[in-house]
Amino acid sequence: MSGVGYRNPSLTVKMATSLDHMSGGRVTLGIGAGWFRAEHERFGYDLLEPADRFDRFEDAAAISR
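Quick look at the structure, then.

The rules behind each value
- Per chain, the residues get numbers from 1 upward, laid out in the order the sequence is written.
- In view of the model being predicted, local features appear only for residues whose pLDDT reaches at least 70, and side-chain atom pairs are presented and counted only at 80 or more, with totals across whole chains, interfaces and linings using the full set of residues.
- The basis for the side-chain values is all heavy atoms of the structure; hydrogens and waters are excluded.
- Numbering of helices and strands runs from the N terminus; a helix is a DSSP stretch of H or I covering at least four residues, while a strand is a stretch of E covering at least two.
- Residue contacts are counted whenever heavy atoms from the two residues lie within 4.5 Å of one another.
- N or O atoms closer than or at 3.5 Å make up a polar contact, with two conditions inside protein: a donor-capable atom paired with an acceptor-capable one, and, for residues adjacent in sequence, both atoms drawn from side chains.
- Any two of the Phe, Tyr and Trp rings considered here, Trp counted by its six-membered ring, make a pair once their centres fall within 6.5 Å; the pair's planes then place it as stacked at under 30 degrees, edge-to-face at over 60, or tilted in between.
- Each residue's exposure class comes from its accessible area (1.4 Å probe, protein chains only) as a fraction of the maximum for that residue type: buried when under 20%, exposed when over 50%, partly exposed otherwise.

## Description of the environment of Val27
Okay, so step 1: Mapping Val27 onto the fold places it in the loop between α1 (9-22) and β2 (31-32).
Okay, so step 2: For the pair formed by Val27 and Thr17, sequence separation is 10 residues and the distance between their alpha carbons is 8.0 Å.
Okay, so step 3: Non-local contacts of Val27, meaning those with residues more than four positions away in its chain, are made with Ala16, Leu19 and Asp20.

## Regarding the side chain of Ser23
Okay, so step 1: Among the secondary structure elements, Ser23 is positioned in the loop between α1 and β2.
Okay, so step 2: Engagement of the side chain of Ser23 in a polar contact is seen with the backbone oxygen of Asp20, the distance being 3.3 Å.

## Quick notes on the packing of aromatic side chains
Okay, so step 1: Counted according to the given criterion, the structure contains 2 aromatic pairs.
Okay, so step 2: When the centroid spacing of 4.7 Å and the interplanar angle of 15° are considered together, the rings of Tyr6 and Phe43 count as stacked. Within this pair, whereas Tyr6 is found in the loop between β1 (2-3) and α1, its partner Phe43 is found in the loop between α2 (37-42) and α3 (50-64), the two being separated by 37 residues in sequence.
Okay, so step 3: Judged by its relative accessible area of 11%, Tyr6 falls in the buried class.
Okay, so step 4: Looking at Phe43, the relative accessible area reads 41%, which means it is partly exposed.
Okay, so step 5: Ring centres of Trp35 and Phe36 lie 5.2 Å apart, and the angle between their planes is 55°; this geometry places the pair in the tilted category.

Structure (structure tokens):
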């Protein structure tokens, strides 16, 4: 599972696709809006308000499809 607030969705999908090909189709990509403040802070990002996080999640889900 990866939070979309601190991961580039295009790059994440590209990495998951490569891993899926290498593993013979055994990868399932999980993304979420993120909620854990410490995780965001460790990556150097502020934890956005829920509405903003869900907007980013919707965008990332569309890109991932």
